[in-house]
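# Fold and geometry: a report
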Amino acid sequence: MSSQEFDAIIIGAGASGLFCAFHTALYGKQVLVLDHANKAGKKILMSGGGRCNFVNLHITPNEFVGQNRHFVKSALSRYGSEDFIKLVQKHGIAYHEKSHGELFCDESSKDILNMLLDECADAGVEIRLNTSIDGVVKDEQADRFVLSVCPKNAKPYRLGCRHLIIATGGLSIPTLGASGFGYQVATQFGHTIVPTEASLVPFTFTDKVGELARQLAGVSLDVIAFNDKASFALPMLFTHRGLSGPAMLQLSNYWQLGETIGVNLLPTHDVATLLVTAKKSHPKQLIRTVLSPYFPKKLLMALQELFWQAVAELELANIKDKQLKDIGRLINAWQIKPSGTEGYRVAEVTRGGVNTDEIKGKTMESKCCSGLYFIGEVLDVAGHLGGFNFMWAWASAYACSEAVGMDW
Ligand code: FDA
């Protein structure tokens with residue numbers, strides 16, 4: 001078997017892999033990117049509904065979850081949203097802020113992928129697609145890695161490199177090329193893996209909430225979704241499968257199977273006060289009449305069935321204050337228990353991954369094996385919705401490229 005040598009081999013031609021590739025090559029390094037998929041950057045193309053929410057203007061470490069909440073600080077402090085925006089501007093890509101600092105392409109996600117591929121081409125990066133990796137070993141004496149690779153419909157061959165960078169992403173959306181390969185390599189070289197979970201993902205329900213969601217599929221409202229770890233004031237969407245929308249996706253980053261979540265269905269009002277006050281001013285009204293300005297009719301009737309069916313036809317004057325207050329509390333803090341999530345099939349991100357306590361935060365190099373690096377989503381870092389996951393891909397890739405590029 002023939003063998004070719006590179007300064008750095010990057011496994012994964014996604015967001016972090018492509019970014020790291022050209023930045024490393026700019027230092028004069030010979031860089032090869034391998035990917036088993038037939039196309040580079042498939043997730044970039046799918047992202048942001050086809051418009052790629054490529055960064056957020058308001059990056060803070062608080063927007064990221066992982067066992068070690070401090071890990072992201074170093075990389076984010078050295079490469080921020082303003083740096084990526086400069087790159088986007090250099091390529092003349094038109095973009096806009098949608099809301100909450102989220103930057104999207106005006107035209108298409110393709111612009112971001114083409115920008116990365118153009119930068120790679122200009123820097124002399126070689127990309128080999130349709131290539132799977134059968135094995136990785138470290139030749140300790142020569143301080144190099146040897147990879148056995150197998151291109152589709154061609155003979156296997158070997159590759160050698162001084163720096164091996166794992167940029168294989170998480171497990172979400174297997175049809176876009178996701179695999180557990182990065183975790184396998186990490187384990188092989190002595191790393192531990194923080195258990196992975198589908199995240200930024202809709203919740204499913206097998207109880208009456210599931211039935212309610214099916215009836216209300218398509219209805220959306222502004223809520224506060226919360227649990228004891230986080231809360232998000234954003235829209236929620238009822239679907240045929242359960243509860244989705246930004247509020248639910250964000251909360252999924254902080255949820256474990258078996259836990260209850262809370263939903264404030266009318267965050268603009270204290271509903272207990274609203275009902276007790278209405279009882280005094282309009283004692284002949286029904287509860288649904290008081291609440292009708294705040295909910296679409298379909299939802300209001302469903303809430304009635306859920307929360308005040310027994311007193312639905314009673315005038316407020318005939319309902320005790322305590323009962324009105326209890327109904328108000330149910331609406332302001334609806335407690336529900338998801339049976340699960342829609343899983344990796346639709347999840348935007350994977351929570352968990354390579355344990356960041358075993359990775360150097362400044363360079364992304366493994367503390368277990370010198371010359372081995374992990375970047376992007378394969379690490380135990382998951383961002384909030386809103387461009388934070390790409391920000392992590394760019395920042396972690398940048399940190400790694402600086403270290404590899406300057407290592408002579
Ligand atoms: P990424 O998944 O981009 O790349 C991994 C690469 O490794 C892939 O090309 C894959 O084929 C390759 N690979 C995997 N296993 C391999 C193996 N065994 N051998 C060889 N190659 C292998 N984030 C955000 O900030 N804004 C947004 O708008 C969106 N939108 C969005 C939409 C959808 C539908 C999804 C699924 C995700 C998003 N995200 C997002 C999240 C974002 O896409 C994600 O966090 C980054 O792409 C992660 O970048 P990585 O480089 O780590 O992995």
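Cut-off values and rules
In every chain, residue numbers begin from 1 and rise along the written sequence. In keeping with the predicted nature of the model, local features appear solely for residues at pLDDT of at least 70, side-chain atom pairs appear and are counted solely at 80 or more, and the whole-chain, interface and lining totals rest on all residues. The side-chain numbers reported here are obtained from all heavy atoms of the structure, hydrogens and water having been left aside. A helix here means a DSSP run of H or I that spans at least four residues, while a strand means a run of E at least two residues long, and both kinds are numbered starting from the N terminus. The buried label goes to any residue with under 20% of its type's maximum accessible area, the exposed label to any with over 50%, and the partly exposed label to all in between, with areas taken from a 1.4 Å probe on protein chains only. Every residue pair with non-hydrogen atoms within 4.5 Å of one another is taken to be in contact. It suffices for a single heavy atom of a residue to lie within 4 Å of a molecule or strand for the residue to be listed as near it. Here a polar contact means two N or O atoms within 3.5 Å. Within protein one must be a hydrogen donor candidate and the other an acceptor candidate, and residues neighboring in sequence count only if both atoms are side-chain atoms. Only the protein chains shown count as cover for residues, with accessible areas throughout obtained via the Shrake-Rupley method and a probe of 1.4 Å. Put simply, Ala, Val, Leu, Ile, Met, Phe, Trp, Tyr, Cys and Pro go in the nonpolar bin, Asp, Glu, Lys and Arg in the charged bin, and everything else, Gly too, in the polar bin. Strand pairing is assigned whenever DSSP detects at least two bridges linking the two strands. Within 6.5 Å between ring centres, the rings of Phe, Tyr and Trp (the latter by its six-membered ring) count as paired, and their orientation is classed by plane angle as stacked under 30 degrees, edge-to-face over 60, tilted in between. Only protein atoms enter the 1 Å grid, on which a cavity is a set of points fitting a 1.4 Å probe that cannot get out and a pocket is an open set with protein on both sides within 12 Å along at least 5 of 7 lines, lining residues being those with an atom within 4 Å of a point. Grid points are joined across faces, edges and corners, and a volume is the space filled by probe spheres set on the points. All the domain ranges listed were derived from an automatic or database domain assignment. Where helices are involved, their axes are fitted lines through C-alpha atoms of the stretch in contact, as for all axes, and angles between N-to-C directions lie from 0 to 180°. The crossing is said to be left-handed when, going from far helix to near helix, the turn is anticlockwise and less than a right angle, and right-handed when the turn is clockwise. Put simply, buried area is how much 1.4 Å-probe accessible surface two parts lose in total, over both of them, once they are put together.

On to the environment of Leu 176. Among the structural elements, Leu 176 can be located in the loop between β10 (157–166) and α6 (181–188). Taking relative accessible area as the criterion, Leu 176 reaches 18% and is therefore assigned buried. A C-alpha to C-alpha distance of 28 Å links Leu 176 and Pro 61, two positions 115 residues apart in sequence. Leaving out residues up to four positions away in the same chain, Leu 176 has contacts with Lys 42, Lys 43 and Met 46.

Around the ligand, 29 residues are found, and the nearest of them are Ser 16, Asp 35, Ser 179, Glu 377 and Phe 390. The contact in question runs from a nitrogen atom of the ligand to an N or O atom on the backbone of His 36, over 3.3 Å. Contacts to the ligand include Glu 377, whose side-chain N or O atom sits 2.6 Å from an oxygen atom. About the coverage of the ligand: the protein hides 94% of its 990 Å² of free accessible area. Of all the secondary structure elements, the ones that give two or more residues to the shell around the ligand are α1 (15–25) and α13 (388–405). At three residues, α13 tops the list of elements feeding residues into the shell around the ligand. Residues that form the shell around the ligand fall into these classes: 11 nonpolar, 14 polar and four charged.

By way of backbone hydrogen bonds, the strands of a sheet pair with one another, either parallel or antiparallel. Taken together, the seven strands give an open sheet; going across it, the order is β17-β16-β13-β14-β15-β12-β18, and neighbouring strands pair in antiparallel fashion. At either end of the open sheet lies a strand with only one pairing partner, and these are β17 (334–336) and β18 (340–341). Sheet topology places strand β14 (residues 231–238) next to strand β15 (residues 242–244); two bridges connect them, and they run antiparallel. Its bridge partner being in β15, Phe 238 is matched across the sheet by Leu 243.

Okay, the packing of aromatic side chains next. If you walk through the whole model with that rule in mind, you get 15 aromatic pairs. Their ring planes at 70 degrees and their centres at 5.3 Å tell us that Phe 19 and Tyr 79 sit as a pair that is edge-to-face. Within this pair, whereas Phe 19 is found in helix α1, its partner Tyr 79 is found in the loop between α3 (72–78) and α4 (81–90), the two being separated by 60 residues in sequence. Look at Phe 19 and you get buried, because its relative accessible area is 0%. Measuring from ring centre to ring centre gives 6.1 Å for Phe 64 and Phe 388, while their planes differ by 90 degrees; the resulting arrangement is edge-to-face. Placement of Phe 64 in strand β4 (residues 64–65) and of Phe 388 in helix α13 is noted, with a sequence separation of 324 residues between them.

Another aspect to go through is the layout of surface pockets. Over the atoms, a rolled probe matching the size of one water molecule traces out where space is still vacant. As a volume, the second largest pocket reaches approximately 310 Å³. Lining the second largest pocket are 14 residues, with Gly 66, Gln 67, Asn 253, Gln 256 and Arg 351 positioned closest to its centre. In terms of residue class, the lining of the second largest pocket is built from four nonpolar, five polar and five charged. Inspection of the lining of the second largest pocket shows a minimum of three residues originating in each of domain 1 (3–196 + 351–405) and domain 2 (202–342).

In this section: empty space enclosed by the protein. Evaluation of the coordinates by the stated rule reveals one cavity of 30 Å³ or more. The space that makes up the largest cavity amounts to roughly 50 Å³. The wall of the largest cavity is formed by Pro 61, Phe 64, Val 65, Gly 66, Asn 68, Arg 69, Phe 71, Val 72, Asp 380 and Val 381.

With that settled, consider the pairing of β10. Counting buried positions along β10 gives eight out of 10 residues, so the element sits mostly inside the fold. Pairing analysis gives eight bridges linking strand β1 (residues 3–11) to β10, with the strands arranged parallel. Bridging from a neighbouring strand, Ile 10 pairs with Ile 165 of β10. With five bridges joining them, strand β9 (residues 144–151) and β10 adopt antiparallel strand pairing. Directly across from Leu 147, in β10, lies its bridge partner Leu 159. Relative to strand β20 (residues 372–374), β10 runs parallel, the two sharing three bridges.

The geometry of helix α9 (residues 271–281) relative to helix α12 (residues 321–332) is characterised by a closest axis approach of 7 Å and an angle of 145 degrees between their N-to-C directions. You can see that α9 and α12 cross each other, and the crossing is right-handed. When α9 is examined against α12, the residues Val 271, Ala 272, Leu 275, Val 276 and Lys 279 are found in contact with a partner set consisting of Asp 321, Leu 324, Lys 325, Ile 327, Gly 328, Ile 331 and Asn 332. In the contact of α9 with α12, the residues fall into seven nonpolar, two polar and three charged.

Quick look at the domain arrangement of the chain now. The assigned domain composition of the chain is domain 1 (3–196 + 351–405) and domain 2 (202–342). Here domain 1 and domain 2 have C-alpha centroids that lie 41 Å from each other. Of the residues lining the interface, nine residues belong to domain 1; the matching set on domain 2 comes to 10 residues. Taking both sides of the interface into account, the surface hidden between domain 1 and domain 2 amounts to around 700 Å²; carbon and sulfur atoms contribute 46%.

The three strands are arranged β3-β6-β5 in an open sheet whose pairing can be described as antiparallel. For this open sheet the edge positions go to β3 (53–56) and β5 (95–97), each flanked by a neighbour on one side alone. Pairs of neighbouring strands in the sheet enclose a mean axial angle of 25 degrees, with direction left out of account. Where β3 meets strand β6 (residues 102–105), three bridges bridge the pair, whose relative direction is antiparallel. Looking at β6, one finds that Val 55 is bridged to Leu 103. Relative to the sheet, α4 contacts β3, β5 and β6, its axis offset from that of β3 by approximately 140 degrees.

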